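One letter stands for each residue in the lines below.
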There are 2 protein chains.
Amino acid sequence: MSAVAEIVHQKKFKYHHGDLRSALIEAALAVLREKGMDGLSLRVLAKATGVTQAAPYSHFRDKDDLLAAVAETGFQRLALQMAEEATGRNSVQERIEKLMAAYVRFAVANKPLFQLMFSRELAVMKDYPTLAMTAGKSYALISATLSKRQASAEDTRFLTVMIWSLCHGLTTLIVDEKIKLEQFGAANIDAFIRRTVAPFSGELV
Amino acid sequence: MSAVAEIVHQKKFKYHHGDLRSALIEAALAVLREKGMDGLSLRVLAKATGVTQAAPYSHFRDKDDLLAAVAETGFQRLALQMAEEATGRNSVQERIEKLMAAYVRFAVANKPLFQLMFSRELAVMKDYPTLAMTAGKSYALISATLSKRQASAEDTRFLTVMIWSLCHGLTTLIVDEKIKLEQFGAANIDAFIRRTVAPFSGELV
DNA sequence: CAGTTAATCTTTGCACCGTTTAGTTATCCG
DNA sequence: CGGATAACTAAACGGTGCAAAGATTAACTG
């Protein structure tokens, strides 16, 4: 397919509004950033994109379906930032540290989005297979790094779950302000993470 | 105040319904168990307790205030189960294992209640100081156990946060079905937890 | 190019929700 | 006993997700 045909083909998705589906997701991200999850309703998204309240139902089967799409872009960004921050680091331990730090940093910088990504509404991901796949990218990054060690596949899988649990637990507790990093002298996240990973130095070859 | 006066004084709180406040909390726990968080509305609680929809506002300033009260009983039960499961264990490592296992077990057995306890609505606990205090009991149990080691207070505080993060992260991932324990051969939770804590055996003196 | 098809969007309306207000009733206390 | 007050009722407001039916318009087809 030529580049022009590509554009024409895309135009297929621009009926009345232009690209309402993308516009809704973008609007949701904006509302999320400014008002948090509570301010996120289909009606405000419809108003923000200049359509009536029922229009979104042409693109999403229900509200959760839209939220899943928004969360998916969140998981994509998260995986991207993790991958970026870990590039160039060859030591397994250092890579793990960077992956975890990126995870925490993303959550702190995009608090409402992070809350949506792990919200109760989307908890049952089997209803949203593509979301589950995208969310799995973060897991895959950790798993791939740990695979570089000389250990059995089963051991890698277990340690991945451990590191992920630690990372995710730490992050949620920080986001919910149940932990304040300042209490630990570690002004920046990296120092705190380094200390967190230290007990595993033996496992990380 | 005599025992009789005590009862009379309590009766002061039983005007029309009897004890609507407690009844609402109990009804909430029942609805939570049967229908999950989504089915939990003030109106169904009012109907369940045989009052009109505005009655709860005599006892709770708003819905979140009621949810906080429900969550508080949840945190009390959690701390109780953790304490019970850890009694009689003298080794620090064994106590930590039991505390963590109890945490996971409670969450799995009371999934919707656990979700409520760590829900977005109640995340800002500074609005609910008594809730924060009760929630702190679980933290205190871990902290107290780790204090038995010979280490600085600062070290204890850090390790407590680590263990708690690991425990909480693991639990939420299990509750949200992102981890399936069966994948690790560990049929029961205890075996899995033991393996999880193993890397810390050096730290746990 | 003209007519059909089918997707997008609007209109309207339902049921439910949290919350507020004003009024009623039962209990407490002097 | 009689006023004060807390607990509750009745009614209503604005907001929500969602479904059904109709209008509009872009895209496909002969």
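Worth saying up front: this structure is predicted, and the values here are computed from it rather than measured.

With respect to the relation of the copies chain A and chain B
- Turning chain A through 180° and shifting it by 0.0 Å along the axis lays it on chain B, with an RMSD of 0.0 Å. What we have between these two chains is a two-fold relation.
- Most of the interface of chain A is mirrored in chain B, where 100% of its interface residues again form contacts.

Overview of helix α8 (residues 153-175) of chain A
All names here are of chain A.
- In a regular helix each residue adds 1.5 Å, so 23 residues correspond to 33 Å; α8 covers 32 Å between its end C-alpha atoms and thus fits that length.
- Taken across its 23 residues, α8 has 19 buried, putting it largely inside the fold.
- Immediately beyond the C-terminal end of α8, within one or two residues, lies Glu 177, with a positive phi of roughly 60°.

Observations concerning the protein's contact with DNA strand C
- Near DNA strand C there are 23 residues, and of these His 17, Thr 52 and His 59 of chain A together with Arg 43 and Lys 63 of chain B occur at the shortest range.
- Expressed as a percentage, the sugar and phosphate content of the atoms of DNA strand C within 4 Å of the protein is 62%.
- Between DNA strand C and the protein, one listed contact pairs a phosphate oxygen with a side-chain N or O atom of Ser 41 of chain B at 3.0 Å.
- The separation between a base oxygen of DNA strand C and a polar side-chain atom of Gln 53 of chain B is 3.2 Å.

So, the interface of chain A and chain B
- Counting residues at the interface gives 33 residues for chain A, matched by 33 residues for chain B.
- Of all residues in chain A, Arg 120, Phe 158 and Lys 178 of chain A bury the most surface against chain B, accounting for 20% of the area lost on that side.
- At the boundary of chain A with chain B, the tally comes to 6 salt bridges.
- For Glu 121 of chain B, the salt bridge identified is with Arg 120 of chain A, shortest N-O distance 3.9 Å.
- Between chain A and chain B we count 4 residue pairs in polar contact (both at pLDDT 80 or more) in total.
- Every element with two or more residues in the side of chain A that touches chain B is listed here: α8 and α9 (189-197) of chain A.

Quick word on the packing of aromatic side chains
- Evaluated as defined, the whole model comprises 15 aromatic pairs over all chains.
- Aromatic pair Tyr 139 of chain B and Trp 164 of chain B: ring centres 5.4 Å apart, planes at 70°, arrangement edge-to-face. Linking Tyr 139 of chain B in helix α7 (residues 129-147) with Trp 164 of chain B in helix α8 (residues 153-175), this pair joins segments that are 25 residues apart in sequence.
- Ring pairing ties together the aromatic residues Phe 75, Tyr 103, Phe 114 and Phe 118 of chain A, which thus form one cluster.
- Against the face of Phe 158 of chain A rests Arg 195 of chain B, its NZ or CZ located 4.0 Å from the ring centre.

Things to note about the side chain of Asp 176 of chain A
- Mapped onto the elements, Asp 176 of chain A comes out in the loop between α8 and α9.
- You can call Asp 176 of chain A buried: its relative accessible area is 16%.
- Residue contacts for Asp 176 of chain A: discarding those within four places in its chain leaves Gln 115 of chain A together with Ala 123 of chain B.

Concerning the nonpolar core
- Judged by nonpolar contacts, the single largest core of 140 residues is most densely connected at Val 70, Phe 75 and Leu 116 of chain A together with Val 70, Phe 75 and Leu 116 of chain B.
- Excluding residues within four positions of it along the chain, Leu 116 of chain A makes contact with Leu 32, Met 37, Leu 67, Val 70, Ala 71 and Leu 122 of chain A.

Focus on the environment of Phe 118 of chain A
- With respect to the helices and strands, the residue Phe 118 of chain A is situated in the loop between α6 (111-117) and α7 (129-146).
- Residues Phe 118 of chain A and Ala 71 of chain A, 47 residues apart in the sequence, show an inter-C-alpha distance of 8.5 Å.
- Every residue in contact with Phe 118 of chain A, bar those within four places of it in the chain, is listed here: Phe 75, Tyr 103 and His 168 of chain A together with Lys 178 of chain B.

Details of the domain arrangement of chain A
Residue and element names in this part refer to chain A.
- Once the domains are mapped, chain A shows domain 1 (1-59) and domain 2 (68-205).
- Centre-to-centre separation of domain 1 and domain 2, based on C-alpha positions: 30 Å.
- Contact between domain 1 and domain 2 buries roughly 700 Å² in total, counting both sides, with carbon and sulfur atoms accounting for 82%.
- Looking at the side of domain 1 facing domain 2, the largest losses of area belong to Leu 29, Leu 32 and Met 37, adding up to 65% of the total buried there.
- For the pair domain 1 and domain 2, the number of links is 0 salt bridges.

What about the pattern of salt bridges?
Residue and element names in this part refer to chain A.
- On inspection of all chains with the given rule, the structure shows 24 salt bridges over all chains.
- Residue Arg 105 pairs with Glu 85 through a salt bridge whose shortest N-O separation is 2.3 Å. With Arg 105 in helix α5 (residues 92-109) and Glu 85 in helix α4 (residues 63-86), the pair connects residues that are 20 residues apart, well separated along the chain.
- With a relative accessible area of 30%, Arg 105 lands in the partly exposed category.
- Judged by relative accessible area, Glu 85 falls into the partly exposed class, the value being 24%.
- One salt bridge connects Arg 149 with Asp 155, and the closest N-O pair in it is separated by 3.0 Å.
- Each of Glu 85, Lys 98, Arg 105 and Asp 190 takes part in one network of salt bridges that share partners.

Basis of the calculations
Residues numbered from 1 in each chain as written. Chains lettered and ligands numbered in written order. Predicted model: local features only at pLDDT ≥ 70, side-chain atom pairs only at ≥ 80, totals over all residues. Heavy atoms only, no water. Least-squares fit on C-alpha atoms with pLDDT ≥ 70 in both. Contact = heavy atoms within 4.5 Å. Helix = DSSP H or I, 4+ residues; strand = E, 2+ residues; numbered from the N terminus. Expected span 1.5 Å × (residues − 1). Buried < 20%, exposed > 50% of the residue type's maximum accessible area, 1.4 Å probe, protein only. Near = heavy atom within 4 Å. Polar contact = N/O pair within 3.5 Å; in protein donor to acceptor, adjacent residues only side chain to side chain. Buried area = accessible area lost by both parts, 1.4 Å probe. Salt bridge = Lys/Arg side-chain N within 4 Å of Asp/Glu carboxyl O. Phe/Tyr/Trp six-rings, centres within 6.5 Å; stacked < 30°, edge-to-face > 60°. Lys NZ or Arg CZ within 6 Å of the ring centre and 35° of its normal. Core = buried A, V, L, I, M, F, W, Y, C linked by side-chain atoms within 4.5 Å. Domains from an automatic or database assignment.

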